[in-house]
Amino acid sequence: MTQSNCRVAGQGAYLPERVLTNADISAFVDTSDEWIRARTGISERRIADDSQNTSDLGYEAAKIALADAGLDADDIDLIVVATTTPDLVFPATAALIQDRLGMRHGAAFDVQAVCSGFIYALAVADGLLKGGVFNRALVIGAETMSRILDWEDRSTCVLFGDGAGAWILEKTDDNAAGLLGYDLRCEGRFTPLLKTTGGVSSTRTSGYLRMEGPAVFKHAVTKISNSMARLLEREEIEIDEIDWFVPHQANQRILEGVADKLKISREKVVSTVARHGNTSAASVPLAFHQAVLDGRIQRGHLCLLEALGGGLTWGSALVRF
Ligand code: ACO
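Anyway, here's the lowdown on the structure attached to this text.

What counts and what doesn't
- Residues numbered from 1 in each chain as written.
- Predicted model: local features only at pLDDT ≥ 70, side-chain atom pairs only at ≥ 80, totals over all residues.
- Heavy atoms only, no water.
- Near = heavy atom within 4 Å.
- Polar contact = N/O pair within 3.5 Å; in protein donor to acceptor, adjacent residues only side chain to side chain.
- Areas by Shrake-Rupley, 256 points an atom, 1.4 Å probe, with all protein chains shown as cover.
- Helix = DSSP H or I, 4+ residues; strand = E, 2+ residues; numbered from the N terminus.
- 1 Å grid on protein atoms, 1.4 Å probe; cavity = no way out; pocket = protein on both sides within 12 Å on 5 of 7 lines; lining within 4 Å.
- Points joined across faces, edges and corners; volume = space filled by probe spheres on them.
- Nonpolar A, V, L, I, M, F, W, Y, C, P; charged D, E, K, R; others polar.
- Domains from an automatic or database assignment.
- Salt bridge = Lys/Arg side-chain N within 4 Å of Asp/Glu carboxyl O.
- Buried < 20%, exposed > 50% of the residue type's maximum accessible area, 1.4 Å probe, protein only.
- Phe/Tyr/Trp six-rings, centres within 6.5 Å; stacked < 30°, edge-to-face > 60°.
- Patch = residues over 30% accessible without salt bridge, like charges linked within 9 Å, V, L, I, M, F, W, Y side chains within 5 Å.
- Axes fitted to C-alpha atoms, helices over the stretch in contact; angles between N-to-C directions.
- Parallel < 35°, antiparallel > 145°, perpendicular 65-115°, else oblique.
- Left-handed = near helix turned anticlockwise from the far one by under 90°.
- Contact = heavy atoms within 4.5 Å.

### Thoughts on the site of the ligand
If you check the shell around the ligand, you find 28 residues, and the closest are Thr-31, Arg-39, Cys-115, Arg-154 and Asn-251. Residue Thr-31 places a side-chain N or O atom 2.6 Å away from a nitrogen atom belonging to the ligand. Between the ligand and Pro-214, the relevant distance is 3.4 Å, taken from an oxygen atom to a main-chain nitrogen or oxygen of the residue. Contact with the protein chains removes 74% of the 1000 Å² of surface that the ligand exposes when unbound. Here the shell around the ligand takes four residues from helix H7 (residues 213-234), the largest share from any one element.

### Looking at the layout of surface pockets
Considered as a void within the structure, the largest pocket measures approximately 790 Å³ in volume. What lines the largest pocket is a set of 31 residues, among which Thr-84, Thr-85, Pro-86, Ile-148 and Ser-206 lie closest to the centre. Elements with a contribution of two residues or more to the lining of the largest pocket: strand S5 (107-111) and strand S9 (194-196). For the lining of the largest pocket, the element with the most residues is S9, which contributes three residues. In the lining of the largest pocket, the residues fall into eleven nonpolar, 16 polar and four charged. Mapping the lining of the largest pocket onto the domain boundaries places at least three of its residues in each of domain 1 (6-171) and domain 2 (178-320). The calculated volume of the second largest pocket comes to roughly 500 Å³. Taken together, 30 residues form the lining of the second largest pocket, with Leu-159, Met-211, Gly-213, Phe-217 and Asn-251 sitting closest to its centre. Elements supplying a minimum of two residues to the lining of the second largest pocket: helix H2 (33-40), helix H6 (154-157), strand S10 (209-211), H7, helix H8 (252-261) and strand S12 (302-309). Counting residues per element, the lining of the second largest pocket draws most heavily on H7, at six residues. Residues lining the lining of the second largest pocket come from more than one domain, with at least three contributed by each of domain 1 (6-171) and domain 2 (178-320).

### Comments concerning the pattern of salt bridges
Tallying each qualifying case throughout the model produces 18 salt bridges. Of the charged contacts in the structure, one is a salt bridge between Arg-37 and Asp-33, with a shortest N-O distance of 2.8 Å. With Arg-37 and Asp-33 both in helix H2 and four residues apart, the pair spans about one turn of that helix. For Asp-33, a relative accessible area of 28% gives the class partly exposed. The salt bridge involving Arg-230 is made with Asp-183; its shortest N-O contact spans 2.9 Å. You can see Arg-230 sitting in helix H7 and its partner Asp-183 sitting in strand S8 (residues 178-186), a full 47 residues away along the chain. The exposure class of Asp-183 is buried, given its relative accessible area of 2%. A single network of salt bridges, built from pairs that share partners, joins Asp-183, Arg-185, Arg-230 and Arg-234.

### Some points on the packing of aromatic side chains
The geometry of an aromatic ring pair is captured by the separation of the ring centres together with the interplanar angle, meaning the angle of the planes. Throughout the structure, instances matching the rule amount to four aromatic pairs. Each ring, one from Phe-118 and one from Trp-167, has its centre 5.4 Å from the other, and the planes form 85°; the classification is edge-to-face. Taken together, the residues span a long stretch of sequence, with Phe-118 in helix H5 (residues 117-130) and Trp-167 in strand S7 (residues 162-172) at a distance of 49 residues. On the accessibility criterion, Trp-167 (0% relative accessible area) is buried. Aromatic pair Phe-288 and Phe-321: ring centres 5.2 Å apart, planes at 80°, arrangement edge-to-face. Of this pair, Phe-288 sits in helix H10 (residues 283-293) while Phe-321 is found in the segment after strand S13 (313-320), placing the two residues 33 residues apart along the sequence. By the burial criterion, Phe-288 is buried, and Phe-321 matches it.

### Here we look at a nonpolar patch on the surface
A contiguous nonpolar surface patch, about 380 Å² in accessible area, is contributed by Val-89, Phe-90 and Val-200. You can see Val-200 is positioned in the loop between S9 and S10.

### Looking at the packing of H7 against H8
At a minimum axis distance of 9 Å, the contact between H7 and H8 shows a crossing angle of 40°. Relative to H8, H7 is oriented oblique. Every pair of crossing elements has a handedness; the one defined by H7 and H8 is right-handed. Contact residues: Phe-217, Ala-220, Val-221, Thr-222, Ile-224, Ser-225 and Met-228 in H7; Arg-253, Ile-254, Gly-257, Val-258 and Lys-261 in H8. A per-class count over the contact of H7 with H8 returns seven nonpolar, three polar and two charged.

Purely geometric numbers; function is a separate question.
Quick look at the structure:
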C-alpha cells in the first residue's frame, strides 16, 4: 500500500501591532539594549493589545493561511492549536478559533508542549490525517507569552513576545513532498529549569515563567543538534540537501550554535529573533512565513524545523514545502 504524505497547502502568520523595544523595557527594569542584543540577538518584540487573546492572534493567522491555500473553513475538519497561554482553562483555544471561523463540523483541540508545541502539533495532525481520520487540518501555534511574564524579572521578561502562525495540511500522493518525518522528545525531570510558578490545580493561578537560562541554553544546543542528526539519519537525508533551517527563535546564539554544530551554512538559517523575540509555539511558523514572504523559502524547498522548550520538550521536523 502506498503511504500518502501530508503537504503544506497554505501558511500564514500574525503579529500584534504594538512593538516593545529593548529601550522601552530598559525604562522599567535594570537592563539595556546593548545587553539584550549581545546576549540574545533580540531588538524588539510584539505585545498583544489588552483586548487581544491568544485565540484572536490564532484566528488572524488562520485566515491568512486559509487564503494562502485558496480554501475556506468548510474545507477543514481538524484544528490543532499549540499554545501554553490559552484564553481559558477550557474550552480549548482550538474550539474558540473553530467558532470564530464559523465551523460547525470537525474536531478541535489543543496541544501543550510549550516552545516545541508547533512541532508536536504538526506530528499529531499529520498522524490523524494519514490514519484517515480527517481530510484537512489547520495547525496553529499561538501565544500571548506577555501574560505569563514577570515584568520585574529581567532575566526572562526581555526574551519573549506574542504572535501566531498557522499551516494547512492536506494529504498528497506524492511521498517525496510535504511532511517527511519527525523526532520528538521530552524529559520531564528537567522541569525545575523552565516552568511557571503556578497552575490551576496547584496554586489556582497561572503563575509566572521562570527559567535557569544558562542551563537551558546548554541543553538546547546539544539536544536540538542530536534530534536533527537523528532525524536526518532516519530519513537518509544529507545536511547539504537542506535548503532552509527554520529554528525555534529563542536566542540568536542558540540557533547559530546549532547550525554550526550540524555544519549548516549561516545563509540557510532563517532568523526572526531580532524582531519577534521568543514567541514559543508561534515562533517556527512565524519565521517560516517571513521567509516565504521575502521569497527565500519557495515551493519544493526542503526545510528542517526544530524547537526546544519547557518540559523539557524538544524535537525536529523535515518538510518539503
Ligand atoms: N539585562 C542585564 N543583565 C542581565 C539580564 C538583562 N536582561 N538578564 C540577566 N542579566 C545578568 C545576570 O544577572 C548575570 O549577572 P551576574 O553575572 O552579575 O550574575 C549576567 O547578566 C549573565 O547572566 P546569564 O543568565 O549567565 O546570561 P546568559 O549569557 O546565559 O544569557 C539567556 C541569558 C539569554 C536567558 C540565555 O541563557 C538563554 O538564551 N537561555 C536559553 C533560553 C531558551 O532557549 N529557552 C527555551 C525556550 S523558552 C520556553 O520554552 C518557554
